[in-house]
Each structure stands twice: as structure tokens, then as C-alpha cells.
Amino acid sequence: MIKILLLIDYSSEFDRKLLRGLVQYSKENGPWLFYRLPSYYSAMHGEQGILKWAKEWKADAIIGQWNNDTIDLQKELNIPVVLQNYHHRSVTYSNLTGDYKGTGRMAAQFFAKRMFRNFAYFGVKGVVWSDERCEGYRQEVKRIGGEFFSFESDKQEDEIRMEVSQWLQQLPKPVALFCCDDAHALFISETCRMNNIHIPEEIALLGVDNDELMCNISDPPISSIELEVERGGYSIGRLIHQQIKKEHEGTFNIVINPIRIELRQSTEKHNIKDPYILEVVKYIDAHYSSDLTIESLLANIPLSRRNFEVKFKHAMNTSIYQYILNCRVDHLADLLLTTNRPLADIAVDAGFKDYNNISRIFKKFKGCSPLEYREKKAKTTKARQIPEK
């Protein structure tokens with residue numbers, strides 16, 4: 001029986017999803033035996049303690065979180081070792097890492113569609129996943145010409161609450177605030193409430209990990225970027241299995257990608273000054289699956305057709321028709337990732353009446369057909385090879 005030593009703290013939703021993917025692989029290819037050493041164990045006993053335990057237990061592989069490289073566990077034990085990134089990516093072991101910059105870019109593009117011009121980031125200083133999410137966010141904000149603000153610290157929450165309160169109060173409003181993860185987004189939500197700063201009216205708030213507990217105990221609930229973590233756990237199982245069977249040599253990277261945004265009330269804000277256009281945008285977002293026409297939209301506002309079209313184009317940088325299509329494509333993409341229903345069924349739910357044109361329209365917005373999009377996202381995350389050091 002294959003024995004896997006885990007140094008993972010499963011208090012976070014990320015870690016639980018990772019372990020679910022790993023356990024799923026073991027059920028399909030096992031049986032495997034897992035033993036979890038708490039994350040504090042390495043802090044107390046160091047890598048020597050991990051080495052001693054792994055030898056005595058006769059572990060076949062180690063998956064863990066630690067930040068020291070004083071001992072080459074892989075060389076000492078001659079077993080696969082996968083490190084979950086924290087301060088940096090390992091040059092010694094295989095890495096469980098992510099497209100952190102891509103996650104930042106996704107956040108900025110999401111807020112840009114809501115016409116924000118002020119963008120802020122809150123994260124942890126000196127941690128690779130936070131640093132790179134900040135960098136991806138900052139780069140995309142710069143590309144679209146927005147104003148960027150950030151607050152990064154390596155201190156505990158209680159030590160920085162006053163500084164963060166002042167920073168939040170000084171930010172130009174409205175502002176799109178992206179946090180490195182849901183725990184930090186919840187901290188921002190709590191701090192805003194203490195300082196009478198309104199979410200989403202003044203600050204639109206977005207986190208990462210889609211931790212349902214953390215997101216939903218916030219008032220209002222927090223929107224969050226979902227990552228393909230379970231697939232990452234499954235891929236770790238597959239690759240270490242190949243290494244144990246001597247079918248794969250060398251270290252590897254498991255790259256966890258962002259896949260979608262779970263919308264909640266913390267981002268129900270469009271930075272649109274014209275009240276009539278704002279009303280129409282909200283109506284479209286709520287009724288994208290209906291048979292929307294210019295006439296049906298004009299029924300809600302006191303504008304002529306020509307005036308309406310000009311004002312909408314000026315406010316949204318796109319035509320009404322293109323905006324409606326974009327909404328429908330985004331919802332179709334979400335259904336492709338979250339359901340296994342046939343394309344014909346979910347296309348109707350997304351508001352498409354002409355099935356024959358769906359692939360062409362979808363490809364225009366997403367760069368691939370609906371089925372290619374579902375297949376690409378559904379595939380198990382592939383490992384990227386890195387040379388042994």
C-alpha cells in the first residue's frame with residue numbers, strides 16, 4: 001500500500017479541496033494510506049524531525065508546507081516530495097504552485113468591465129502567491145489606464161487594523177479592492193463595517209479561493225475567484241504515483257489556474273455615473289436570458305432610442321447589443337464549468353435562441369468553441385516540467 005505523508009493544515013478551504021482531489025485519485029488507483037503531521041510539526045522539529053518520521057513510517061511520498069531547505073529530503077529519502085508554495089517556489093522539490101499573476105489579471109479585467117477607474121490591492125508582503133497576484137493586478141490596471149493603490153504587510157491583523165482603517169478611508173471612492181485571498185477580504189469587510197465604509201457602494205470587494213464559509217459570514221457576502229484546486233490535488237496524486245512506479249523522473253510543477261468568479265453582493269456595483277444607463281445595465285444583468293430588445297430597455301427610462309444608444313456607448317465603451325452578448329457568453333461559460341448539462345440546454349438558460357450561431361459568438365468572445373472551453377477547463381491540470389537542480 002502506498003503511504004503518503006502530509007504536512008498540510010486543512011483549516012482552509014484551499015487545503016481541503018486539495019486533499020479532496022488527492023483522495024479521489026487514491027480511491028481510483030489505491031488503496032493509499034495517508035498520515036498527516038500538523039503544520040506546526042515542522043516548525044517545532046524542523047526538517048530533521050520530518051526526515052526521522054518519514055523514515056520510521058516508510059513514507060512513499062511527502063506533500064507539505066514548509067519554508068526551509070536545509071536538508072534535501074528528496075535525496076535523503078529517495079521519494080517524491082511536493083512543496084506547497086509559500087515564501088518562494090522551491091528549486092529542490094516539485095512545486096504546487098499557481099498562475100498567480102493570471103488571477104490578478106482576471107480580477108482587474110472583472111472590475112474594468114464594471115467601469116472602475118480606481119483599483120486597490122490588499123495582501124501579504126513577501127509571499128509568492130500574494131506578491132504575484134498583486135503584480136498581475138497592477139500590470140493589468142496599468143494596461144487599462146486605471147489608478148492603482150496597495151497595502152501589503154507581513155504583520156498580524158490586529159497589528160495593522162488601524163493602519164488599514166486609515167488606508168481604506170483615504171482611498172478614492174468608488175474603488176475596486178482585490179484581496180490576496182478570502183481571509184484577507186473578510187478582514188477588509190469587517191474593517192469597513194467598523195469604519196462605516198459601505199460595501200459595495202464605496203468599495204467593491206473581491207477575494208480568492210471561493211471559501212464559502214468565509215465569503216458568506218461577511219455582510220455583505222464576498223465575491224471570490226474560484227481556483228481549480230481539486231484538479232490540482234488529483235494531478236499531484238497522478239504524478240507522484242508515476243514517480244513511485246518509476247514512470248516519471250525529475251521534479252515537476254502543478255499549476256493551479258483561476259477558472260471563474262463566484263458573484264456575491266460585495267461586487268454588486270457598477271461605476272456608472274449616468275443613472276439611466278446604470279438602471280439599464282442592472283436590468284440587463286438580471287434579465288440577460290430574456291428576449292431583450294432596445295424597445296424593452298427603453299420602457300424603463302425616459303430617453304429616445306438615439307440618445308440612449310449614444311449614452312450607453314459613451315458610458316460602457318461598447319454597444320448595447322455587444323454588452324448583452326457579452327453577458328450571455330459569460331453566463332454560458334459559467335454554466336459550462338459548473339454543470340454537465342448539454343450545450344443546447346444551457347444555451348437557452350443563457351439567453352441564446354439561435355443554437356446554430358452559439359459557437360461562432362462564443363469563440364469571438366472567448367477564443368474557442370463552447371465545447372473546447374469546457375474540455376480545456378475540465379482536463380486535469382497538467383504538470384509543467386522543470387529541470388532538476
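Values in this document were obtained by computation on a predicted structure and should not be read as measured data.

Procedures and definitions
Sequence positions are assigned chain by chain, starting from 1 and proceeding in written order. A pLDDT threshold of at least 70 governs which residues receive local features in this predicted model, and a stricter bar of 80 or more applies before side-chain atom pairs are shown or counted, although totals over entire chains, interfaces and linings include all residues. Computation of side-chain values: all heavy atoms of the structure, hydrogens and water removed. Elements are defined by DSSP. Helices are runs of H or I of four residues or more, strands are runs of E of two residues or more, and each kind is numbered from the N terminus. Our radius of gyration looks at C-alpha atoms and nothing else; its globule reference is 2.2 Å times the residue count to the power 0.38. All accessible areas in this document rest on Shrake-Rupley with a 1.4 Å probe, and a residue is counted as covered only by the protein chains that are shown. All tallies of charge rest on Lys and Arg as positive and Asp and Glu as negative; His and the ends of each chain are not included. For charged residues, the charge sits on one atom: NZ in Lys, CZ in Arg, CG in Asp, CD in Glu. Under the pairing criterion, centres of Phe, Tyr and Trp rings, with the six-membered ring standing for Trp, must be within 6.5 Å; the plane angle then separates stacked pairs below 30 degrees from edge-to-face pairs above 60, leaving the rest tilted. When accessible area is computed with a 1.4 Å probe and restricted to protein chains, residues below 20% of their type maximum are described as buried, those above 50% as exposed, and intermediate ones as partly exposed. Here, strands pair whenever DSSP counts at least two bridges between them. Geometry is summarised by axes, namely lines fitted to C-alpha atoms with helices restricted to the contacting stretch, and by angles between N-to-C directions that run from 0 to 180 degrees. Between two residues, a contact is recorded if the distance between any of their heavy atoms is within 4.5 Å. To qualify as a nonpolar core, a set must consist of buried Ala, Val, Leu, Ile, Met, Phe, Trp, Tyr and Cys residues joined through side-chain atoms within 4.5 Å. We call a pair of cysteine sulfur atoms a disulfide whenever their separation is within 2.5 Å.

1. Things to note about the overall build of the protein
Okay, step 1: A count of helical and extended segments in the protein gives 16 helices and 13 strands.
Okay, step 2: Whereas a compact globule of 389 residues would reach a radius of gyration of roughly 21 Å, the protein reaches 23 Å, a difference of no more than 12%.
Okay, step 3: Here the C-alpha coordinates of the protein stretch approximately 80 × 55 × 35 Å along the principal axes.
Okay, step 4: Counting only carbon and sulfur atoms, one obtains 48% of the accessible surface of the protein, whose full area is about 19000 Å².
Okay, step 5: Computing the positive centroid from 52 side-chain charges and the negative centroid from 52, the protein places the two 5 Å apart.

2. Considerations on the packing of aromatic side chains
Okay, step 1: Taken as a whole, this structure holds 20 aromatic pairs when the rule is applied.
Okay, step 2: Ring centres of Tyr 35 and Trp 57 lie 5.8 Å apart, and the angle between their planes is 50°; on these two criteria the pair is classed as tilted. Of this pair, Tyr 35 sits in strand β2 (residues 32-36) while Trp 57 sits in helix α2 (residues 39-57); the two residues are 22 residues apart in sequence, bridging distant segments of the chain.
Okay, step 3: Given the relative accessible area of 16%, Trp 57 is considered buried.

3. Remarks on the sheet that holds strand β6 (residues 118-124)
Backbone-to-backbone hydrogen bonds join strands into a sheet, with any given pair of strands oriented parallel or antiparallel.
Okay, step 1: An order of β7-β6-β8-β9-β10-β12 is seen for the six strands of this open sheet, with the pairing classed as mixed. Looking at which strands have only one partner, the edges of the open sheet turn out to be β7 (147-153) and β12 (258-262). Within this sheet the neighbouring strands show an average axis-to-axis angle of 20°, counted without direction.
Okay, step 2: Examined bridge by bridge, strand β9 (residues 203-208) and strand β10 (residues 223-227) share three bridges and lie parallel to one another. Looking at the pairing, Leu 206 lines up with Ser 223 of β10.
Okay, step 3: Contacts from helix α4 (residues 100-113) reach β6, β8 (175-179), β9, β10 and β12 within the one sheet, and its direction differs from that of β12 by about 35°.
Okay, step 4: Packing against the sheet, helix α6 (residues 157-170) makes contact with β6, β7, β8 and β9, and its axis sits at approximately 175° to β7.

4. Focus on the nonpolar core
Okay, step 1: By size, the foremost hydrophobic cluster in this structure holds 45 residues, and its most contacted members are Ile 63, Phe 111, Tyr 137, Phe 178, Ile 236 and Ile 240.
Okay, step 2: Core analysis: the next-biggest nonpolar cluster, separate from the first, contains 22 residues, Val 164, Trp 167, Leu 186 and Ile 199 among them.

5. So, the environment of Asp 72
Okay, step 1: In this fold, Asp 72 is placed in the loop between β3 (61-64) and α3 (73-77).
Okay, step 2: Owing to a relative accessible area of 30%, Asp 72 belongs among the partly exposed residues under this scheme.
Okay, step 3: Placed 185 residues apart in sequence, Asp 72 and Asn 257 show a C-alpha to C-alpha distance of 28 Å.

6. Digging into unusual backbone geometry
Okay, step 1: That bond from Ile 199 to Pro 200 is cis: its omega, 5°, falls within 30 degrees of zero.
Okay, step 2: Summarising the element assignment, Pro 200 is placed in the loop between α7 (182-194) and β9.
Okay, step 3: The amide bond that connects Asp 219 to the next residue, Pro 220, takes the cis arrangement and shows omega of 0°.
Okay, step 4: For Pro 220, the location among the structural elements is in the loop between α8 (212-217) and β10.
Okay, step 5: Although it is not a glycine, Lys 58 adopts a positive phi angle of roughly 60°.
Okay, step 6: Its place among the elements puts Lys 58 in the loop between α2 and β3.
Okay, step 7: In the Ramachandran plot, Asn 317 falls in the positive-phi region, its phi being about 60° despite a non-glycine side chain.
Okay, step 8: Examined against the element boundaries, Asn 317 turns out to sit in the loop between α12 (305-316) and α13 (320-338).
Okay, step 9: Assessed through its relative accessible area of 60%, Asn 317 is described here as exposed.

7. Some details on the state of the cysteines
Okay, step 1: Summed over all chains, the structure comprises zero disulfides.
Okay, step 2: In this model Cys 180 remains outside any disulfide bridge; the closest cysteine sulfur is found in Cys 179, 6.8 Å from its own.
Okay, step 3: Here Cys 327 stays unpaired: no disulfide links it, and the sulfur of Cys 368, its closest cysteine neighbor, is 19 Å away.
Okay, step 4: Residue Cys 327 is classed as buried on the basis of its relative accessible area of 8%.

Functional significance is not addressed by these values, which are geometric in nature.
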